[in-house]
Amino acid sequence: MSKQFDVVVIGGGPGGYIAAIRAAQLGFQVACIDEWKNEKGGPAPGGTCTNVGCIPSKALLQSSEHYEHAAHHFGDHGISLDNLKMDVAKMVGRKNTVVKQNNDGILFLLKKNKVSFFHGRGSFAKAVEGGYEINVAGAANEVLTAKNVIVATGSNARALPGAAFDEEKILSNDGALRIGAVPAKLGVIGSGVIGLEMGSVWRRLGAEVTILEAMPGFLGAADEGVAKEALKAFKKQGLKFEFGVKISKVDASGDGVVVFFADAKGAEQTLAVDKLIVSIGRVANTIGLNPEAVGLALDERGMVVVDADCKTNLPGVWAVGDVVRGPMLAHKAEEEGVAVAERIAGQHGHVNFATIPWVIYTSPEIAWVGRTEQQLKADGVAYKAGQFPFLANGRARALGDTTGFVKFLADATTDEILGVHIVGPMASELISEAVVAMEFKASAEDIARICHAHPSLSEATKEAALAVDKRTLNF
Ligand code: FAD
């Protein structure tokens with residue numbers, strides 16, 4: 001006997017569990033299937049984000065930042081520590097506790113919202129009268145039927161050809177978050193968000209970190225000014241970079257790993273490291289979903305094909321998050337999950353791709369929303385730019401963290417904010433003001449005229465808005 005639901009969600013990451021909760025809030029009978037297992041084999045919903053992504057990376061970034069401050073910056077505050085020690089096992093243990101708190105929190109939320117949770121792998125069985133049959137293969141095998149199915153099966157790390165992840169020496173994000181002792185030498189392939197965050201953690205804890213990047217430049221998606229400032233700061237901290245490399249071979253047969261590559265000038269080079277993190281992008285995960293059973297269309301990269309509303313080629317089947325086009329970000333997955341649940345209910349769910357914030361949680365943090373200066377130039381948009389350095393911000397000085405700036409880009413005629421780019425302390429939090437402003441189509445003048453608390457980092461945002469019309473007050 002199959003169990004009947006209005007909505008079945010396959011995948012319990014940020015896209016899936018949020019879609020399930022929103023659908024339940026709207027009065028539907030909802031099931032959420034997720035196969036992630038904790039170390040005891042029990043359920044661990046939350047997906048990549050909670051288990052091996054956003055949450056554990058931020059936990060380790062925090063621990064490693066505390067260590068770096070204690071080792072190198074406490075002295076500036078007149079605090080000295082004798083015999084500073086680091087316990088990596090405890091750091092990783094704390095990270096695991098934070099992950100578990102989030103897993104448990106999600107299970108609680110699903111229960112609170114009366115979502116039926118199934119721990120196992122969900123796959124399409126067949127289309128039936130008025131819906132779909134979904135098999136769940138887990139501790140108990142179940143068959144669920146629903147008119148609406150939301151696919152939220154996420155993504156997996158992309159491996160380098162010829163260098164499969166062994167999670168001991170060649171690490172994906174999963175292994176990178178479980179290293180048991182600080183490696184003397186760490187290689188990172190890919191200078192994107194994940195490579196930078198993971199490289200920063202282990203560099204702060206004492207590893208010599210070298211990042212190899214295939215692209216000729218740094219952080220192509222970010223505003224050029226921000227990328228330049230961030231690269232300068234990372235190099236000063238001791239991260240080493242090689243851009244424009246072409247990797248020919250990875251040899252993990254010895255004690256460590258040797259990467260063979262041609263550098264930007266075409267000269268053959270080798271990099272010998274103890275461990276290698278490969279962070280060269282992620283691939284959509286439809287393993288085990290059995291899309292063929294119902295004819296669910298995938299594109300040539302294995303992503304579920306959807307329209308702007310997350311509708312697939314099948315009536316009643318939707319897909320959200322990393323398994324579909326668009327930025328692979330947890331908050332994008334969540335917004336799509338909410339919008340799809342609302343569309344199923346006949347409402348007008350909406351995701352504004354133009355105001356999705358991007359954040360890199362390194363030190364300095366990097367965050368932006370909207371278009372970059374190079375994009376505006378390429379699009380032929382007439383714009384004004386205003387920039388304010390944290391060096392001139394009182395709170396940043398008191399914090400002892402004056403790297404970076406806030407930069408505003410506004411339409412030359414209407415003054416509407418077109419992009420805000422931040423590199424510096426707490427950029428991840430400061431960017432929210434810019435997101436709100438852009439959602440409400442605010443002008444730079446609007447932000448410039450709002451009272452910001454003193455002393456706060458957010459005053460740099462106000463001053464950058466003032467800088468658009470060349471009338472900063474504190475610089
Ligand atoms: P996922 O989180 O991948 O969840 C999919 C879930 O579906 C998983 O639990 C999986 O086990 C399950 N599943 C798959 N197939 C099946 C099946 N057939 N049956 C049952 N269950 C199935 N994003 C940010 O916004 N901010 C960050 O700071 C950030 N940091 C990151 C750091 C790292 C190291 C990594 C790797 C990623 C990070 N991301 C971050 C990206 C973020 O994790 C993803 O964008 C987000 O998790 C996507 O959510 P999702 O729900 O689409 O998929």
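Residues numbered from 1 in each chain as written. Predicted model: local features only at pLDDT ≥ 70, side-chain atom pairs only at ≥ 80, totals over all residues.

A. Quick look at the site of the ligand. With respect to spatial proximity, 38 residues lie near the ligand, and among them Gly11, Gly13, Gly47, Gly154 and Gly321 are the closest. Those elements that place two or more of their residues in the shell around the ligand are helix 1 (14-25), strand 2 (30-34), helix 2 (47-52), helix 3 (54-73), strand 3 (116-128) and helix 8 (330-344). Residue classes in the shell around the ligand are distributed as 15 nonpolar, 19 polar and four charged. (Near = placed C-beta within 6 Å. Helix = DSSP H or I, 4+ residues; strand = E, 2+ residues; numbered from the N terminus. Nonpolar A, V, L, I, M, F, W, Y, C, P; charged D, E, K, R; others polar.)

B. Seen up close, the UniProt feature "binding site: FAD" (unreviewed entry) in the chain. As annotated in UniProt, the feature "binding site: FAD" (unreviewed entry) corresponds to Lys58, Gly122, Thr153, Gly154, Ser155, Asp322, Met328, Leu329, Ala330 and His331 in the numbering used here. In sequence the annotated residues extend across 274 residues, and in space they extend as well, their farthest C-alpha pair lying 29.5 Å apart. Here lysine 58 shows up in helix 3. The partly exposed category is assigned to lysine 58, around which 15 C-beta atoms lie within 10 Å. Relative to the elements of secondary structure, methionine 328 occurs in the loop between strand 16 (317-319) and helix 8. Apart from the residues lying within four places of it in its own chain, the contact partners of methionine 328 are Ser155, Arg282 and Asp322. (UniProt positions renumbered as here; feature names shortened; annotations may be inferred. Buried ≥ 20, exposed ≤ 12 C-beta atoms within 10 Å, placed from the backbone. Contact = placed C-beta atoms within 7 Å.)

C. Inspection of the environment of aspartate 379 at higher detail. Inspection of the secondary structure assignment puts aspartate 379 in the loop between helix 9 (373-378) and strand 19 (383-389). Aspartate 379 sits in the exposed class, given 10 other C-beta atoms within 10 Å. With 32 residues separating them in the primary sequence, aspartate 379 and aspartate 411 have C-alpha atoms 12 Å apart.

D. Spatial organisation of the domain arrangement of the chain. Looking at the chain, the domain boundaries give domain 1 (3-154 + 285-345), domain 2 (158-280) and domain 3 (357-469). Placing a centre on the C-alpha atoms of domain 2 and another on those of domain 3 gives a separation of 30 Å. The interface of domain 2 with domain 3 comprises 12 residues on the first partner and 16 residues on the second. Put simply, the parts of the chain that give the side of domain 2 that touches domain 3 at least two residues each are helix 6 (193-204) and helix 7 (224-237). Looking at the side of domain 2 that touches domain 3, its residues break down into six nonpolar, two polar and four charged. (Domains from an automatic or database assignment.)

E. Geometry of unusual backbone geometry. Here the bond from serine 363 into proline 364 is cis, since omega is 5°, no more than 30 degrees from zero. Relative to the helices and strands, proline 364 resides in the loop between strand 17 (358-360) and strand 18 (365-370). Cis geometry is adopted by the peptide bond preceding proline 455, which originates at histidine 454 and carries an omega value of -10°. Even without being a glycine, cysteine 310 presents a positive backbone phi close to 70°. Here cysteine 310 shows up in the loop between strand 15 (282-284) and strand 16. Positive phi outside glycine occurs at lysine 441, with the angle close to 55°. With respect to the element layout, lysine 441 can be found in the loop between helix 11 (427-439) and helix 12 (444-448). Accessibility expressed as a C-beta count within 10 Å gives 10 for lysine 441, which makes it exposed.

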